[in-house]
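# Chains, contacts and geometry: an overview
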Protein chains: 2
Amino acid sequence: MSSSSSYNPPCAACKFVRRKCIPGCAFAPYFPPEDPQKFMNVHKIFGASNFMKLLNDVLPHQREDAVSSLAYEAEARVRDPVYGCVGVISFLQQEVDRLKKDLDAANADLIMLHSFPCHNVNHTWSRQNGRGGGGGGGVGGRWW
Amino acid sequence: MSSSSSYNPPCAACKFVRRKCIPGCAFAPYFPPEDPQKFMNVHKIFGASNFMKLLNDVLPHQREDAVSSLAYEAEARVRDPVYGCVGVISFLQQEVDRLKKDLDAANADLIMLHSFPCHNVNHTWSRQNGRGGGGGGGVGGRWW
């Protein structure tokens, strides 16, 4: 006979390491039982005890954000074991460089059109528009 | 009497954990003695044995890039214990959003100038130019 009405499932961390999840468990606030992958990622990349050490380095009100960012990093590293979230940074940096270049070119065209408002600038404008939204080069190039 | 001419200093990892750095040391290729901070960061954030496990998950020719990206992540986490390199991603994402918005506005101005080439568009162009290079909002906002 089980007293299922009072059953509290262990948090994902305690379930993973097969220990009893006691009230006040340090992992429970961040690793609900319904998301086991989050703890598995953090455990694989940082190690559970190391992860807790990192959490203890930040103030209590910052811990939720710290867990979220560590879990994000861990997930990125599981997905891409070579570059992890540095691959995302590399991609975004290339995207910023490309957009800055396009914006500079667009502003140069606008300056020219202001200097010569009735001038034909088809050639520069079509270059701009051809660079619309996508692209941005590969992910994972070195930039560090 | 020391035979200093044949002395090979231990790698930064072996020096940190005070062990003999033997030929073929797994850490030596990535942690030269002249950069002790690189290993200290990796040790603090990932733990030395966990770090080696992560390296063993990638192919030998990918290990140098994996070490560089892990060292970058570790350094970012030491600098910013709450957000680590996720703070960099957040900042770059905001920068991409801002630049896309500015580029869209510049392209809209260019389209208008092409439709009405002799029209006065000072108001839109000065808005563009006011958004030049800097800014981009704070680092570390949530986006995950």
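Residue numbers here run from 1 along each chain, matching the order of that chain's written sequence. The order in which chains are written sets their letters, starting at A; the order in which ligands are written sets their numbers, starting at 1. Since the coordinates come from a predicted model, pLDDT governs what is reported: local features require at least 70, and pairs of side-chain atoms require 80 or more to be given and counted, while whole-chain, interface and lining totals use all residues. Side-chain descriptors were evaluated using all non-hydrogen atoms of the structure, hydrogens and water having been removed beforehand.

Relative placement of two packed helices is described by the angle separating their axes and the distance separating the axes. Where helix α5 (residues 85–115) of chain A contacts helix α4 (residues 63–79) of chain B, the axes come no closer than 9 Å and their chain directions differ by 90°. Taken as axis vectors, α5(A) and α4(B) run roughly perpendicular relative to one another. Together, A:C85, A:V86 and A:I89 of α5(A) and B:S69, B:Y72 and B:E73 of α4(B) make up the contact between the two elements. Here the contact of α5(A) with α4(B) is built from residues that sort into 4 nonpolar, 1 polar and 1 charged. Convention adopted: a line fitted to C-alpha atoms gives each axis, helices being fitted over their contacting stretch, and angles between N-to-C directions are expressed from 0 to 180 degrees. The helix and strand labels rest on DSSP assignments: H or I over at least four residues marks a helix, E over at least two residues marks a strand, and numbering proceeds from the N terminus. An angle below 35 degrees is treated as roughly parallel, one above 145 as roughly antiparallel, one from 65 to 115 as roughly perpendicular, and anything else as oblique. Residue contacts follow a heavy-atom distance rule, with two residues in contact if any of their heavy atoms lie within 4.5 Å. When residues are sorted by character, Ala, Val, Leu, Ile, Met, Phe, Trp, Tyr, Cys and Pro go into the nonpolar class, Asp, Glu, Lys and Arg into the charged class, and all the rest, Gly among them, into the polar class.

At the junction of the two partners, chain A supplies 51 residues and chain B supplies 51 residues. At the boundary of chain A with chain B, total buried surface from both sides reaches about 4,800 Å², with 66% on carbon and sulfur atoms. Every case where a carboxyl oxygen of Asp or Glu lies within 4 Å of a side-chain nitrogen of Lys or Arg is listed as a salt bridge. Our count for the contact surface shared by chain A and chain B stands at 4 salt bridges. Residues B:E73 and A:R77 are paired through a salt bridge, measuring 2.5 Å at the closest nitrogen-oxygen approach. Buried area: the accessible surface (1.4 Å probe) lost by two parts on joining, summed over both.

This brings us to the relation of the copies chain A and chain B. Overlaying chain A with chain B gives an RMSD of 0.1 Å, the required rotation being 180° about an axis along which the chain moves by 0.0 Å. In symmetry terms, the pair is related by a two-fold rotation axis. Here the copies were fitted onto each other by least squares, based on C-alpha atoms from residues at pLDDT of at least 70 in both.

As a further point, take the UniProt feature "domain: LOB" (unreviewed entry) in chain A. UniProt positions are given in the numbering used here, feature names are shortened, and annotations may be inferred rather than shown by experiment. With numbering aligned to this structure, UniProt lists the feature "domain: LOB" (unreviewed entry) at residues 9–110 of chain A. Taken end to end, residues 9–110 of chain A has its terminal C-alpha atoms 63 Å apart, with 67% of it in helix and 0% in strand.

With that settled, consider the packing of aromatic side chains. Residues and elements named next belong to chain A. What counts as a ring pair is set by centres within 6.5 Å for rings of Phe, Tyr and Trp (its six-membered ring), and what kind of pair is set by the plane angle: stacked under 30 degrees, edge-to-face over 60, tilted for all other angles. For the structure shown, the criterion picks out 13 aromatic pairs over all chains. Consider the rings of F27 and F39, whose centres lie 5.5 Å apart with planes at 80°: the pair is edge-to-face. With a gap of 12 residues between them, F27 in the loop between α1 (12–16) and α2 (36–46) and F39 in helix α2 connect regions that are remote in the sequence. Using a 1.4 Å probe on the protein chains alone, a residue whose accessible area is under 20% of its type maximum counts as buried, one over 50% counts as exposed, and one in between counts as partly exposed. Classification of F27 by relative accessible area gives buried; the value is 8%. Between F31 and F39, the ring centres sit 5.2 Å apart and the planes meet at 80°, which makes this aromatic pair edge-to-face. There is no split in this pair, since F31 and F39 are both buried.

Moving on to a nonpolar patch on the surface. Patch membership requires over 30% relative accessible area and the absence of a salt bridge. Like charges are linked within 9 Å, and nonpolar side chains (Val, Leu, Ile, Met, Phe, Trp, Tyr) within 5 Å. Working definition of accessibility: Shrake-Rupley area with a 1.4 Å probe, residue cover restricted to the visible protein chains. A surface patch of nonpolar side chains, amounting to about 230 Å² of accessible area, comprises A:F16, A:V17 and A:M40. Residue classification places A:M40 among the partly exposed residues on the basis of a relative accessible area of 35%.

For the purposes of this section, nonpolar cores are sets of buried Ala, Val, Leu, Ile, Met, Phe, Trp, Tyr and Cys residues that join through side-chain atoms within 4.5 Å. Core analysis: the largest hydrophobic core is formed by 50 residues, its most contacted members being A:F27, A:F51, B:F27 and B:F51. Among the elements of the structure, α1, α2, α3 (48–56) and α4 (63–79) of chain A together with α1 (12–16), α2 (36–46), α3 (48–56) and α4 of chain B are those that each provide at least two residues to this core. Counting residues in hydrophobic clusters, the runner-up holds 24 residues, among them A:V86, A:L92, B:I89 and B:L92.

This next bit is on the environment of A:L70. Within the secondary structure, A:L70 sits in helix α4. A relative accessible area of 0% places A:L70 in the buried class. In this structure the C-alpha to C-alpha distance between A:L70 and A:Q37, which are 33 residues apart in sequence, comes to 13 Å. Residues within four places of A:L70 in sequence aside, it is in contact with A:V42, A:F46, A:F51, A:L54, A:L55 and B:R77.

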